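Descriptive analysis of the structure
The lines below spell out each chain.
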Amino acid sequence: MPFSLTNKTKNAQTRISFKRFKNIVLGEKYDLNVVLSREKLMQELHKHWLKKESATTILSFPLTVNSGEIFLCPAHIKKEAKKYNLDYKLYLKKIYVHGLLHLKGMKHSKKMEQEENKILKII
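Residues numbered from 1 in each chain as written. Predicted model: local features only at pLDDT ≥ 70, side-chain atom pairs only at ≥ 80, totals over all residues. Heavy atoms only, no water.

**Considering the packing of helix 3 (residues 74-83) against helix 4 (residues 88-103)**
To describe two helices that pack against each other, one gives the angle between their axes and the distance between the axes. Their axes nearest at 9 Å, the elements helix 3 and helix 4 cross at an angle of 115°. Relative to helix 4, the crossing made by helix 3 is right-handed. Residues Pro74, Ile77, Lys78, Glu80 and Ala81 of helix 3 touch helix 4, and the partners they reach there are Tyr88, Tyr91, Leu92 and Ile95. For the contact of helix 3 with helix 4, the class distribution of residues is 7 nonpolar, no polar and 2 charged. (Axes fitted to C-alpha atoms, helices over the stretch in contact; angles between N-to-C directions. Helix = DSSP H or I, 4+ residues; strand = E, 2+ residues; numbered from the N terminus. Left-handed = near helix turned anticlockwise from the far one by under 90°. Contact = heavy atoms within 4.5 Å. Nonpolar A, V, L, I, M, F, W, Y, C, P; charged D, E, K, R; others polar.)

Okay, here's the thing in structure tokens:
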């Protein structure tokens, strides 16, 4: 299965086209599992994998060259969007695209930021 979405939050799924974005950034053959997670799980994952104590908006895990997993925390994304005075849905898209680009192998850089903006204009 090239795409799956699991909602582990109590809230309804946010209506953005996760699969479409995945196809634009990584291609249709890339196998991706997206998990919408609660803050507690994100904090545990962040601590385990990156040795950081806080929750985070997103964690991207490449599994193979053509597969990966992304954990998104809608509650934390909402908090950050509010903090930065941004629209939640737009910020969610930006964070998700950011994670997709990490799965593509990109590191934090000006080039990655430019690619994010280019993709966000398409979608």
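**Describing the packing of helix 1 (residues 18-26) against helix 4**
One can describe the packing of helix 1 onto helix 4 by two numbers: an axis separation of 10 Å at closest approach and a directional angle of 40°. In this view, helix 1 runs oblique relative to helix 4, as classed from their interaxial angle. When you trace helix 1 past helix 4, the crossing you get is right-handed. Residues Phe18, Phe21, Lys22, Val25 and Leu26 of helix 1 form the contact with helix 4, whose own contacting residues are Leu92, Lys93, Tyr96, Leu100, Leu101 and Leu103. By residue class, the composition of the contact of helix 1 with helix 4 is 9 nonpolar, no polar and 2 charged. (Parallel < 35°, antiparallel > 145°, perpendicular 65-115°, else oblique.)

**Some details on helix 1**
Buried residues of helix 1: Phe18, Phe21, Lys22, Val25 and Leu26, and no others. Buried residues of helix 1, viewed axially, fall in a sector of 100°; they line one side. Along its buried surface, helix 1 packs onto strand 1 (3-7), strand 2 (31-36), strand 4 (67-72), helix 4 and helix 5 (110-122). Positive backbone phi, at 95°, marks Gly27, one or two positions downstream of helix 1. (Buried < 20%, exposed > 50% of the residue type's maximum accessible area, 1.4 Å probe, protein only. Arc of directions from axis to C-beta.)

**Quick word on the sheet that holds strand 4**
The strand order across the open sheet formed by 4 strands is 1-2-4-3, and the pairing between neighbours is mixed. Strands with a single pairing partner mark the edges of an open sheet, and in this sheet they are strand 1 and strand 3 (58-64). Strand-to-strand twist in this sheet, taken as the mean axis angle between neighbours without regard to direction, amounts to 15°. Here strand 2 runs beside strand 4; their pairing, made up of 6 bridges, is parallel. Bridging across to strand 4, Val35 finds its partner in Phe71. Packed on one face of the sheet, helix 4 meets strand 1, strand 2, strand 3 and strand 4 and runs near 150° to strand 4. (Pairing = 2+ DSSP bridges.)

These results come straight from atomic positions and should not be treated as a statement about function.
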